Amino acid sequence: MEAVNARAEKAVEYKHNRCNCAQAVLMAYEKELGRPAEDILAMGSGFGSGMGGMEGTCGALCGAVMALGLLNKSDTPSKMIAKDMLQKFKEMSGGATICRDLKGIGTGKVLCACDDCVRHGVLVLESRLAGIGCK
């Protein structure tokens, strides 16, 4: 669990150093993804502030699901694992997966700060990768 927490904190560090939430989660898996950093950053670039500029799914969750798609070598389709990841992320993040809801836009009630969303993205991915034998 210590290594998982270290990876989650590394993702938060990326978030604080010019990465959006999706890029931060993806970059925490740079070595495992086996792709150049510029490709990883480009892949996650459209997911800052959630898809559609806070209107869609949290970028951290999107980044985790993108990483899953590249790392999943099991017979279980990534979309089925992603469904489980979405539910777990929602439970961990105050009951929401949409960026504007997580940030309290319109309600004034922040359900989950970006740093925690990034941590949750890594944690849900890690637990699912371990469960399908990818770690």
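(A) Expanded view of the overall build of the chain. If you tally the helices and strands in the chain, you get 8 helices and 0 strands. Within the chain, buried positions represent 41% of all 135 residues. For the chain, restricting intrachain contacts to residue pairs at least 6 apart in sequence, the fraction spanning at least 24 positions comes to 59%. If you average the places of the 17 positive and of the 15 negative side-chain charges in the chain, the two averages end up 3 Å apart.

(B) Representation of the packing of helix α6 (residues 78-92) against helix α8 (residues 114-131) in the model. Where α6 meets α8, the axes come as close as 9 Å, and the angle between the chain directions of the two elements is 140 degrees. Considering the angle they form, α6 stands oblique to α8. The way α6 lies across α8 gives a crossing that is right-handed. Across from Ile81, Asp84, Met85, Lys88, Phe89 and Met92 in α6, the residues of α8 making contact are Cys117, His120, Gly121, Leu123, Val124, Leu125 and Arg128. When the residues that make up the contact of α6 with α8 are grouped by side-chain class, the tally is 8 nonpolar, 2 polar and 3 charged.

(C) View of the environment of Leu123. Tracing the backbone through its elements, the reader meets Leu123 in helix α8. Ignoring sequence-local partners within four residues, the contact set of Leu123 consists of Met1, Val4, Asn5 and Met92.

(D) Spatial organisation of the packing of helix α5 (residues 59-71) against α6. Remark: α5 packs on α6, axes separated minimally by 10 Å, with the N-to-C direction vectors making an angle of 155 degrees. Regarding the angle of α5 to α6, the classification is roughly antiparallel. Crossing hand, α5 versus α6: right-handed. Across the interface between the two elements, Leu61, Ala64, Val65, Leu68 and Gly69 from α5 touch Ser78, Ile81, Ala82, Met85, Leu86 and Phe89 from α6. Broken down by class, the residue content of the contact of α5 with α6 amounts to 9 nonpolar, 2 polar and no charged.

(E) Spotlight on the confidence of the model for the chain. The predicted model of the chain has a mean per-residue pLDDT of 94, with 98% of residues at 70 or higher. When the elements of the chain are averaged for pLDDT, helix α1 (residues 2-15) gives the smallest value, 94, and helix α2 (residues 21-27) the largest, 98.

(F) Looking closely at unusual backbone geometry. The backbone phi angle of Arg18 is positive, close to 70 degrees, even though this residue is not glycine. In this fold, Arg18 is placed in the loop between α1 and α2. You can call Arg18 exposed: its relative accessible area is 83%. The backbone of Ser49 shows a phi angle near 60 degrees, a positive value even though the residue is not glycine.

(G) Representation of the nonpolar core in the model. In this structure, Tyr29, Val118 and Leu125 are the most contacted members of the largest nonpolar core, which totals 36 residues. Ranked by residue count, the leading element in this core is α5, at 8 residues. With sequence-adjacent residues up to four places away left out, Val118 is seen in contact with Ala11, Val12, Lys15, Cys21, Ala24, Val25 and Ala60.

(H) Here's a closer look at the state of the cysteines. Taken as a whole and assessed by the stated rule, the structure comprises 0 disulfides. Free of any disulfide, Cys112 has its nearest cysteine sulfur in Cys117, 3.5 Å distant. Since its relative accessible area comes to 5%, Cys112 is described here as buried.

Scoring rules and cut-offs
Residues numbered from 1 in each chain as written. Predicted model: local features only at pLDDT ≥ 70, side-chain atom pairs only at ≥ 80, totals over all residues. Heavy atoms only, no water. Helix = DSSP H or I, 4+ residues; strand = E, 2+ residues; numbered from the N terminus. Buried < 20%, exposed > 50% of the residue type's maximum accessible area, 1.4 Å probe, protein only. Contact = heavy atoms within 4.5 Å. Lys, Arg positive; Asp, Glu negative; His and termini not counted. Charge placed at Lys NZ, Arg CZ, Asp CG, Glu CD. Axes fitted to C-alpha atoms, helices over the stretch in contact; angles between N-to-C directions. Parallel < 35°, antiparallel > 145°, perpendicular 65-115°, else oblique. Left-handed = near helix turned anticlockwise from the far one by under 90°. Nonpolar A, V, L, I, M, F, W, Y, C, P; charged D, E, K, R; others polar. pLDDT = per-residue confidence, 0-100. Core = buried A, V, L, I, M, F, W, Y, C linked by side-chain atoms within 4.5 Å. Disulfide = S-S within 2.5 Å.

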